[in-house]
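For reference, the chains in residue letters:
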Amino acid sequence: MRKYEIMFIVKPLDEEATNTVITKFENLINNNGGQVDKIDRWGKKRLAYIVKDFAEGFYYLVNFSAVPATILELDRIMKISEDILKFMIVRIDE
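Reading guide: rules and limits
Residues numbered from 1 in each chain as written. Predicted model: local features only at pLDDT ≥ 70, side-chain atom pairs only at ≥ 80, totals over all residues. Heavy atoms only, no water. Core = buried A, V, L, I, M, F, W, Y, C linked by side-chain atoms within 4.5 Å. Buried < 20%, exposed > 50% of the residue type's maximum accessible area, 1.4 Å probe, protein only. Helix = DSSP H or I, 4+ residues; strand = E, 2+ residues; numbered from the N terminus. Contact = heavy atoms within 4.5 Å. 1 Å grid on protein atoms, 1.4 Å probe; cavity = no way out; pocket = protein on both sides within 12 Å on 5 of 7 lines; lining within 4 Å. Points joined across faces, edges and corners; volume = space filled by probe spheres on them. Pairing = 2+ DSSP bridges. Phe/Tyr/Trp six-rings, centres within 6.5 Å; stacked < 30°, edge-to-face > 60°.

Asks: Help me get a handle on the nonpolar core, residues and values and all.
Replies: If you look at soluble globular proteins, the nonpolar side chains tend to sit buried side by side. One finds F8, F25, F64 and L74 to be the most contacted residues of the largest nonpolar core, which totals 20 residues. Broken down by secondary-structure element, the contributors of at least two residues to this core are strand 1 (2-10), helix 1 (15-31), strand 3 (54-66) and helix 2 (68-80). Setting aside chain neighbours within four positions, we find F8 in contact with I22, F58, Y59, Y60, V62, M78, I84, K86 and F87. Grouped together as the second largest cluster of nonpolar side chains are five residues, I9, L47, Y59 and L85 included.

Here it is as structure tokens:
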């Protein structure tokens, strides 16, 4: 398994809805052969420009280990999720 990190911005929701989104993607990684190492919650920040009619969003950074098939599924689900404003998956070189 390789190490990855994903940075994503969740649209401004209430705390319970935001936690549901985080849990959904954490379970997606775990159920597809990956393992979440660490989740950093950066909190609500102002965006540099308007994204999908939002000026603010909740920033999250997740470090995890996964196989390439997990990355493909995560990318696919992130693209169609309405709660995600932006995201980027990066492989960490060791």
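Asks: I'd like a description of empty space enclosed by the protein, backed by residues and values.
Replies: Enumeration according to the criterion identifies one cavity of 30 Å³ or more in this entry. In this structure, the largest cavity spans a volume of roughly 60 Å³. Lining the largest cavity are I6, F8, I22, F25, E26, I29, V36, I39, V62, L74 and M78. Contributions of two or more residues to the lining of the largest cavity are made by strand 1, helix 1, strand 2 (35-51) and helix 2. A total of four residues in the lining of the largest cavity trace back to one element, the largest contributor, which is helix 1.

Asks: I'd like a description of the pairing of strand 2, backed by residues and values.
Replies: When strand 2 meets strand 3, the two strands line up antiparallel, connected through 11 bridges. Among the inter-strand pairings, K45 is bridged to a residue of strand 3, identified as G57. The turn joining strand 2 and strand 3, which pair antiparallel and follow one another in sequence, is formed by two residues; a positive phi near 50° is taken by K52.

Asks: Explain the packing of aromatic side chains to me, using residue names and the numbers behind them.
Replies: A complete count under the given rule lists three aromatic pairs for this structure. With a centroid separation of 5.8 Å and 20° between ring planes, the pair formed by Y4 and F64 is classed as stacked. Here F64 lies in strand 3 and Y4 lies in strand 1, a separation of 60 residues in the sequence. Take Y4: its relative accessible area is 7%, and that puts it in the buried class. What makes F64 buried here is its relative accessible area of 0%. Centroid distance F8 to Y60: 5.7 Å. Interplanar angle 25°. Geometry classified as stacked. In this pair, F8 sits in strand 1 while Y60 sits in strand 3, placing the two residues 52 residues apart along the sequence. Looking at Y60, the relative accessible area reads 5%, which means it is buried. Three or more aromatic residues link up through ring pairs in this structure, and these residues are F8, F25 and Y60.

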